[in-house]
Amino acid sequence: MQEDFRGMLLRMEKEGHLQKIQKKISPQFLTALFTSAPKALLCEAIEGYDIPVVGGLFWTRGRIAAALGWPENDLATRFAAGVAKPMKPVIVDEAACQEVVHIGEDADLTALPIPFMHEKDGGPYISAGVCFAQNSEFGLNAGCYRLMFRSKREMAIDLFTASDLRRFYERTYSNGKPLEVAVAVGLHATEHMAAAYKAPPGTNEMEIAGGLRGEPVQMVRARTVDVMVPANAEIVLEGELLPNGWTADEGPFGEFAGMQGDLKHNPIFRIKAITHRRNPIFYALQMPWENDWLNGPATEAACMRILQVAGIQAVKVRATEGGCCGWSVYVSIRKRAGEGKNAIAALLSLPVVKQVIVTDDDIDIYNSSEVEWAVTFRCQADKDIVIVSGMKAKHVDPSVRPWDLPPGELPLTAKFGIDATIPEGIPAFRYERIVPAFRDNIVVEDYL
Amino acid sequence: MSVSAEVVARVLNALQKPIYFFELLAELEDVPYRTILSAWSEVRETTALERDVHGRYWR
């Protein structure tokens, strides 16, 4: 049987990555709890609701690896392999996500424990919503979008930045018509990660999810809109993006870069139905790290790919947490002369990557102290730091002063890379590391 | 779920000055979260709310 969201939770609990909490808690306190806990938590007793809430599933590299069931150091290669072998979903007639159906007046968003998450947020948020929409030209699209609670049947959806869903919406909006969408909450990590992936237009992200899973995703037609959704979702909101355009206040919200975002104006999502499993589990994705780690493996895979194109033998790639799993990367390579700088040039051309450290493959890039050691002793700042000015930036970075830009103008940024590989001309023996005598003769556990 | 007129009135009263949503929750700390959201729903359906650049609400 295909592992679903709750199957993933069960496995994570068995492996020690998730803990069940029976003590009662109100939804506005969940984020403070989830983001302080050493494990993912499933809070079973939510005050005023009969739906448990889980959070913190992808909070660290270790936890997202556990959710996926992949080795922690193989996230990039496993992700790349999955993307390379997409599998078409299979369509089913009956689905767990439709075991309970509320239509029309019976569909009430206040029945869901939608948490209030960050101090300056504009309201309670569905942070783990995966939106599905259909378009005659591009087919089915899935993507991750936040939704702010407005009323029992309306939410504001963030369609501010360019996306496939925004493209679909612009088309229906220009005709004065609504866009049918379904929002799934509580999807397996493979489906969530595929939806977060910036796939080319026309790509069905659920085919990528199938590739990541190694088996086709099961999907079912939603009850009130012409959209397919994953059959094993915990909860599905069906409805329409109204043709109100970018007029409804939305935000602020705690953004993926770890900073409080701005108040925006966005379209309204009006629900027609809520369907769910019996005894559904609500997933509250915690910002910023859960959101960032969903993108981390894709960033690492993109780095591997571009280094391959550049003819550089990359050994390991690490998208660091401090760089929000995309803006800062460490790479170890088997270097030939000049390739430290070549690697920097290639990696800085990726849209998100803003800073790079390149090391030789004797450095464990998952150990930040080792990386720092390499920077300290293998780098001369006047020769080995590469700065490139005037590159494409993102508005979310305050250091590019986006507020000074005229409306519609894209910001520019300076990027840099540090070549922390052994400089050309210095023999490797100059970097010979100290080794404890008779290291192989000692088993530490025998003495502790 | 029916919303008591008293809670709606308290929400409307709080919105007489610019207020963050978290301040509204704090002001109604004696009211169950779900009841506050139901009252908020009613307010948003019946009252045009202003927002400032910081995200505060008022009416």
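The structure presented is a predicted model; accordingly, all values stated were derived computationally and were not measured. (Residues numbered from 1 in each chain as written. Chains lettered and ligands numbered in written order. Predicted model: local features only at pLDDT ≥ 70, side-chain atom pairs only at ≥ 80, totals over all residues.)

> What is the right way to look at the domain arrangement of chain A in this model?
All names here are of chain A. By domain assignment, chain A separates into domain 1 (5-290) and domain 2 (310-431). Inter-centroid distance (C-alpha atoms) of domain 1 to domain 2 is 32 Å. At the interface, 8 residues of domain 1 touch 6 residues of domain 2. (Domains from an automatic or database assignment. Contact = placed C-beta atoms within 7 Å.)

> Is there a simple way to explain the sheet that holds strand S2 (residues 40-43) of chain A in this structure?
The strands that make up a sheet are held in pairs by hydrogen bonds between backbone atoms, and each pair lies either parallel or antiparallel. Residue and element names in this part refer to chain A. Ordered by their spatial adjacency, 4 strands build an open sheet running S1-S2-S3-S18, and the pairing between neighbours is mixed. Strands at the two margins of the open sheet, each flanked by one partner only, are strand S1 (18-21) and strand S18 (282-283). Sheet analysis places S2 next to strand S3 (residues 53-55), joined by 3 bridges and oriented antiparallel. Note that in S3 the partner of Leu-42 across the bridge is Val-54. Most of the contacts of helix H1 (residues 5-14) go to S1, to which it runs at about 100°, and overall it touches S1, S2 and S3. (Pairing = 2+ DSSP bridges. Helix = DSSP H or I, 4+ residues; strand = E, 2+ residues; numbered from the N terminus. Axes fitted to C-alpha atoms, helices over the stretch in contact; angles between N-to-C directions.)

> Explain the interface of chain B and chain A here, please?
Note: interface size is frequently given as the accessible area lost on complex formation between the parts. On the chain A side, the residues contacting the 16 residues of chain B number 22 residues. Within the residue set of the side of chain B that touches chain A, elements represented by two or more residues are helix H2 (21-27) and helix H3 (33-46) of chain B. Among the elements that line the side of chain B that touches chain A, the one with the most residues is H3(B), at 7 residues.

> Where do I start with the sheet that holds strand S23 (residues 412-420) of chain A in this structure?
Residues and elements named next belong to chain A. Pairing is mixed in the open sheet, where 5 strands are placed in the order S19-S20-S21-S23-S22. At either margin of the open sheet sits one strand with a lone partner, and together these are strand S19 (313-319) and strand S22 (385-392). For this sheet, the mean inter-axis angle between neighbouring strands, taken without regard to orientation, is 20°. Looking at chain direction, strand S20 (residues 328-334) and strand S21 (residues 355-360) are connected through 6 bridges and run parallel. Bridged to Val-331 within S21 is Val-358.

> I'm lost on helix H7 (residues 205-213) of chain A in this one. Help?
Given 3.6 residues to a turn, an α-helix orients residues that are three or four positions apart in the same direction. Residue and element names in this part refer to chain A. The element H7 is extensively covered by neighbouring structure, given that 9 of its 9 residues are classed as buried. Glu-205, Met-206, Glu-207, Ile-208, Ala-209, Gly-210, Gly-211, Leu-212 and Arg-213 are the residues of H7 that are buried. Of the surrounding secondary structure, the elements contacted by the buried residues of H7 are helix H4 (75-84), strand S8 (139-144), helix H6 (189-196) and strand S12 (218-221). At the C-terminal side of H7, Gly-214 shows a positive phi close to 85°. (Buried ≥ 20, exposed ≤ 12 C-beta atoms within 10 Å, placed from the backbone.)

> Explanation requested: the pairing of S12(A) in the structure shown.
Along any regular strand the residues' side chains alternate between the sheet's two faces. Residue and element names in this part refer to chain A. Here 2 bridges tie strand S4 (residues 90-91) to S12, and the two strands are oriented parallel to one another. Its bridge partner being in S12, Val-90 is matched across the sheet by Gln-218. Pairing of S12 with strand S13 (residues 228-230) involves 3 bridges; the strand directions are antiparallel. Across the sheet, residue Met-219 finds its bridge partner in S13, namely Pro-230. What sits between S12 and S13 in their antiparallel hairpin is a turn of 6 residues.

> Sorry, what's going on with the packing of H6(A) against H7(A) here?
If you want to describe how two helices pack, look at the angle between their axes and the distance between the axes. All names here are of chain A. It is at 8 Å that the axes of H6 and H7 come closest, and there the two elements cross at 135°. Between H6 and H7, the angle is such that the two are oblique. In the packing of H6 onto H7, the handedness of the crossing is right-handed. Residues Thr-190, Glu-191, Met-193, Ala-194 and Ala-195 of H6 pack against Glu-205, Met-206, Ile-208, Ala-209, Leu-212 and Arg-213 of H7. Of the residues in the contact of H6 with H7, the class split is 7 nonpolar, 1 polar and 3 charged. (Parallel < 35°, antiparallel > 145°, perpendicular 65-115°, else oblique. Left-handed = near helix turned anticlockwise from the far one by under 90°. Nonpolar A, V, L, I, M, F, W, Y, C, P; charged D, E, K, R; others polar.)

> Looking at this structure, I do not really get the environment of Met148(A). What am I missing?
All names here are of chain A. Relative to the helices and strands, Met-148 resides in strand S9 (residues 147-151). For Met-148, a count of 26 C-beta atoms within 10 Å corresponds to the buried category. Residues Met-148 and Ser-127, spaced 21 residues apart in sequence, show a C-alpha to C-alpha distance of 8.6 Å. Apart from the residues lying within four places of it in its own chain, the contact partners of Met-148 are Gly-122, Gly-123, Tyr-125, Met-155, Ala-156, Glu-250 and Gly-251.

> When you look at unusual backbone geometry in this model, what are you seeing that I'm missing?
Among all residues save glycine, negative phi is the norm, and among peptide bonds the norm is trans. Residues and elements named next belong to chain A. Geometrically, the link from Gly-251 to Pro-252 is a cis peptide bond, its omega value of -5° lying close to zero. Relative to the elements of secondary structure, Pro-252 occurs in the loop between strand S15 (248-250) and strand S16 (264-266). That bond from Met-287 to Pro-288 is cis: its omega, -5°, falls within 30 degrees of zero. Tracing the sequence through the fold places Pro-288 in the loop between S18 and helix H8 (289-309). Phi angles above zero are rare outside glycine, and Cys-325 is one such case at about 60°. Relative to the assigned elements, Cys-325 resides in the loop between S19 and S20.

> What am I meant to see in the nonpolar core here?
As a rule of thumb, nonpolar side chains are buried together in soluble globular proteins. Residues and elements named next belong to chain A. Phe-132, Val-181, Ala-182, Val-229 and Val-331 are the most contacted members of the largest nonpolar core, which has 148 residues in total. Counting residues per element, this core draws most heavily on H8, at 9 residues. Each of domain 1 (5-290) and domain 2 (310-431) contributes no fewer than three residues to this core. Dropping the residues within four chain positions of it, Val-229 is found in contact with Cys-97, Phe-132, Ala-182, Ala-184, Met-219, Val-220, Ala-222 and Val-236. (Core = buried A, V, L, I, M, F, W, Y, C linked by C-beta atoms within 7 Å.)

> Please clarify how the environment of Glu15(A) should be interpreted in this entry.
The residue Glu15(A) is located in the loop between H1 and S1 in this model. On a C-alpha basis, the gap between Glu15(A) and Ala66(A) in space is 8.2 Å, while along the polypeptide they are 51 residues apart.

> How should I be thinking about the packing of H4(A) against H7(A) in this particular structure?
Residues and elements named next belong to chain A. Interhelical geometry of H4 versus H7 gives an angle of 125° and a closest axis separation of 7 Å. Here H7 runs oblique to H4, going by the angle between their axes. The crossing of H4 and H7 is right-handed. Across from Phe-79, Gly-82 and Val-83 in H4, the residues of H7 making contact are Ile-208, Gly-211 and Leu-212. Here the contact of H4 with H7 is built from residues that sort into 4 nonpolar, 2 polar and no charged.

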